[in-house]
Amino acid sequence: MKRKLVSLALCAAMVGTMMGATTVHAEDKITIEIVSKGFQHQFWQAVKKGAENKEAELGCKINFVGPNSESDIADQVQMLNSAINQKPSAIAFAALDTDAALDSITQAQEAGIPIIGFDSGVPGAPEGAILANAATDNYAAGELAAEETYKVLKDRIEKADGPVRIGVMGQDATSESIVNRGLGFIDKIGELAIADGHKVKLEGNDKYVGDAKVESSDDGDVIIETLVPSQVTSELSAIDCQTLLNKEDTICVYGSNQHSGEAMVVGNENLQKFGTGDDQVIGVTFDSGAVIKAAVKDGTFLGAITQAPVAMGEAVVELAYKAAKGEEVEDVDTGCQWYTADTMDNEEIAQNLYD
């Protein structure tokens, strides 16, 4: 009898030890597939760095992928399908086009793989498919850019002999982050101009014109024109910039991401119209990177909005890790800041400016 009891005790101890080992082993094997919008811009490299920081901290395993260009929607969907086939513990996804990815998202749901959105998120996804998002409040960020820009434009608009034009450069009209940054800027500029007794006329891309909250008047003396290239290439966006700069009534151009901001620099190379002088066009953009930081520093651009891409990468991995463990998760606003040549070296801002 004693032998049996000892044997049973030993067996129970071994089972307990094995269960404990299995739990730790399962923790170590949490895998997260991260499907970004691409590697075309340095922004994504900074997000990847943040993701890798959190990977090392949590002891999980990540795989960070993205298409070569943010116009390669089919390639991104293929990457998402490949991620699902890996049967990871969780997936992080920044959709280029949610409609194109709907079948894949449904497949992930049916497989019980939690999905976390980041950057632009996954707008229009089936209810419950995306457990949380780690992203900048892009509409509010666009508003912030407009508020800071209008401080300089206000007097120019008041003193103008005729209508003035404010250009908005959007990389595309499908990405939620890009569209919201554009709409936030358009709506706030319009709101401030109307509050000062002006009328606003919206022109350009149908998506932006149709979704803007500001009322458009045919006789508006503040024209807000939004241009979107037919494909996401630096050449086409640079041409959009030149189109705006070559219009005599243009007083400002706003680019809503790194791609557009860098295209503004290229488009201005031969024209040399950007600057902060009274007779120059005010340039404002979004994100950072070496080209944009240099343009802000030398006065080509008035300023820019920066996100916190490293913090975004850290946040999305932490959310995915928690979701993989079955914990409740909620949206995280990873923040933004306005920076100029005078403030970009401040410690609080500099930590969010990537090369």
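This report concerns the structure included in the present document. This is a predicted model, so every value here is computed, not measured. (Residues numbered from 1 in each chain as written. Predicted model: local features only at pLDDT ≥ 70, side-chain atom pairs only at ≥ 80, totals over all residues. Heavy atoms only, no water.)

### Some thoughts on the sheet that holds strand β8 (residues 222-227)
Here is step 1 of the chain: Pairing within the open sheet is mixed, and its seven strands lie in the order β7-β8-β6-β9-β10-β11-β13. Either end of the sheet is taken by a strand with one partner, and the two such strands are β7 (200-204) and β13 (336-339). In this sheet, adjacent strand axes meet at a mean angle of 15 degrees when their direction is disregarded.
Here is step 2 of the chain: Where strand β10 (residues 282-286) meets strand β11 (residues 303-307), three bridges bridge the pair, whose relative direction is parallel. (Pairing = 2+ DSSP bridges. Helix = DSSP H or I, 4+ residues; strand = E, 2+ residues; numbered from the N terminus. Axes fitted to C-alpha atoms, helices over the stretch in contact; angles between N-to-C directions.)

### Thoughts on the sheet that holds strand β3 (residues 90-93)
Here is step 1 of the chain: Read from one edge to the other, the open sheet built from six strands follows the order β2-β1-β3-β4-β5-β12, with strand pairing classed as parallel. Only two strands of the sheet have a single neighbouring strand rather than two, namely β2 (61-65) and β12 (332-333).
Here is step 2 of the chain: Pairing of strand β1 (residues 31-35) with β2, which is carried by five bridges, proceeds in the parallel orientation. Looking at the pairing, V35 lines up with V65 of β2.

### Points about the packing of helix α3 (residues 73-85) against helix α4 (residues 98-110)
Here is step 1 of the chain: At their nearest, the axes of α3 and α4 sit 9 Å apart, and the two run at 5 degrees to each other. By the angle between their directions, the pair α3 and α4 is classed as roughly parallel. Judged by residue contacts, I73, V77, L80, N81, I84 and N85 of α3 engage A100, A101, S104, Q107 and A108 from α4.
Here is step 2 of the chain: The residue inventory of the contact of α3 with α4, partitioned by class, reads seven nonpolar, four polar and no charged. (Parallel < 35°, antiparallel > 145°, perpendicular 65-115°, else oblique. Contact = heavy atoms within 4.5 Å. Nonpolar A, V, L, I, M, F, W, Y, C, P; charged D, E, K, R; others polar.)

### A few points about unusual backbone geometry
Here is step 1 of the chain: For K87, which is not glycine, the phi torsion reads 50 degrees and is therefore positive.
Here is step 2 of the chain: Within the element layout of this structure, K87 appears in the loop between α3 and β3.
Here is step 3 of the chain: Among the residues examined, K87 registers a relative accessible area of 71% and is labelled exposed.
Here is step 4 of the chain: One non-glycine residue, Q272, adopts positive backbone phi at about 50 degrees. (Buried < 20%, exposed > 50% of the residue type's maximum accessible area, 1.4 Å probe, protein only.)

Such coordinate-based values are descriptive only and should not be taken to indicate function.
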